[in-house]
Amino acid sequence: MSTIELNKRQEQILEIVKENGPITGEQIAERLKLTRATLRPDLAILTMAGFLDARPRVGYFYTGKSGVQLLTENLNKLVVKDYQSIPVVVNENMSVYDAIVTMFLEDVGTLFVVDQQSLLVGVLSRKDLLRASIGKQELTTLPVNIIMTRMPNITMCSKEDLLIDVAQKLIDKQIDALPVVKETDKGFEVVGRVTKTNLTKALVALANND
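Under an unreviewed UniProt entry, the protein has the name CBS domain-containing protein/biotin operon repressor and belongs to Anoxybacillus andreesenii.

This is the structure:
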């Protein structure tokens with residue numbers, strides 16, 4: 001990965017494998033005048049990071065991939081279900097006032113609105129609630145279904161989607177979160193959410209090789 005900074009010995013190992021691979025761990029250790037046990041952590045790091053590949057009874061060989069290619073490969077392995085968080089859901093009959101209080105107490109930027117069957121019917125953003133509060137309506141009696149973004153204008157994702165695709169949707173739509181949904185015969189059930197914070201956590205985990 002491009003985020004891994006290789007030490008001098010790891011760079012030496014890469015050069016040896018590039019020039020001589022496939023090559024066994026014992027042969028690499030012999031060239032560096034070190035024991036196989038000493039090299040084991042370095043070989044493990046280089047293999048897990050994708051710089052080297054290893055095959056039983058054959059040895060190590062260089063993958064030929066750049067740091068950027070390895071980073072791209074790893075990004076394309078990150079899926080929504082591994083990083084999604086719990087959604088904050090409200091009923092479509094809730095008042096705008098109560099929605100503002102819920103957003104504040106739950107410390108979220110997006111609320112997902114469901115009907116009596118717990119199916120997704122709308123999304124409420126900070127902007128929606130701010131716009132309503134600036135007007136002259138009575139917020140305690142105004143239901144959220146009057147101001148929410150409705151189907152079919154809701155951008156969604158599923159738990160099997162790639163995080164990188166979700167990130168692109170957030171950028172394209174200029175929104176802060178997406179509902180993670182499960183499709184049923186009656187509609188879409190909200191099972192999670194993906195926010196910019198979730199994406200940031202995924203990148204940090206990738207950088208830390210978690």
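**Observations regarding unusual backbone geometry**
At the junction of Met151 and Pro152, the peptide bond is cis and its omega measures out at 5 degrees in the coordinates. By secondary structure assignment, the location of Pro152 is in the loop between strand E6 (149-150) and helix H7 (163-173). Although it is not a glycine, Asp107 sits at a positive phi angle of roughly 55 degrees. With respect to the helices and strands, the residue Asp107 is situated in the loop between helix H5 (96-106) and strand E4 (110-114). On the basis of relative accessible area, Asp107 is assigned to the exposed category, the value being 68%. Despite not being glycine, Gln174 shows a phi value in the positive range, around 55 degrees. Among the structural elements, Gln174 can be located in the loop between H7 and strand E7 (177-183).

**Remarks on the sheet that holds E4**
In spatial order, the strands read E3-E4-E5-E6; together these 4 strands make up an open sheet with mixed pairing. Edge positions in the sheet fall to strand E3 (89-91) and E6, since each of these pairs with one other strand and no more. Examined bridge by bridge, E3 and E4 share 3 bridges and lie parallel to one another. Across the sheet, residue Val89 finds its bridge partner in E4, namely Phe112. Where helix H6 (residues 126-134) meets the sheet, it contacts strand E5 (120-125) and E6, and its direction lies at approximately 70 degrees from that of E5.

**With respect to helix H1 (residues 8-20)**
The end-to-end C-alpha distance of H1, which contains 13 residues, comes to 18 Å, matching closely the 18 Å that a straight helix rising 1.5 Å per residue would cover. Of all the residues in H1, the buried ones are Gln10, Ile13, Leu14, Ile16 and Val17. Down the axis of H1, the buried side of the element spans an arc of 165 degrees, and every buried residue falls inside it. Turned more than 90 degrees from where H1 packs its buried face, Lys8 and Glu19 sit exposed. In the core, the buried residues of H1 are packed alongside helix H2 (25-32), helix H3 (36-48), strand E1 (52-55) and strand E2 (59-62).

About the thresholds
- Residues numbered from 1 in each chain as written.
- Predicted model: local features only at pLDDT ≥ 70, side-chain atom pairs only at ≥ 80, totals over all residues.
- Heavy atoms only, no water.
- Helix = DSSP H or I, 4+ residues; strand = E, 2+ residues; numbered from the N terminus.
- Buried < 20%, exposed > 50% of the residue type's maximum accessible area, 1.4 Å probe, protein only.
- Pairing = 2+ DSSP bridges.
- Contact = heavy atoms within 4.5 Å.
- Axes fitted to C-alpha atoms, helices over the stretch in contact; angles between N-to-C directions.
- Expected span 1.5 Å × (residues − 1).
- Arc of directions from axis to C-beta.

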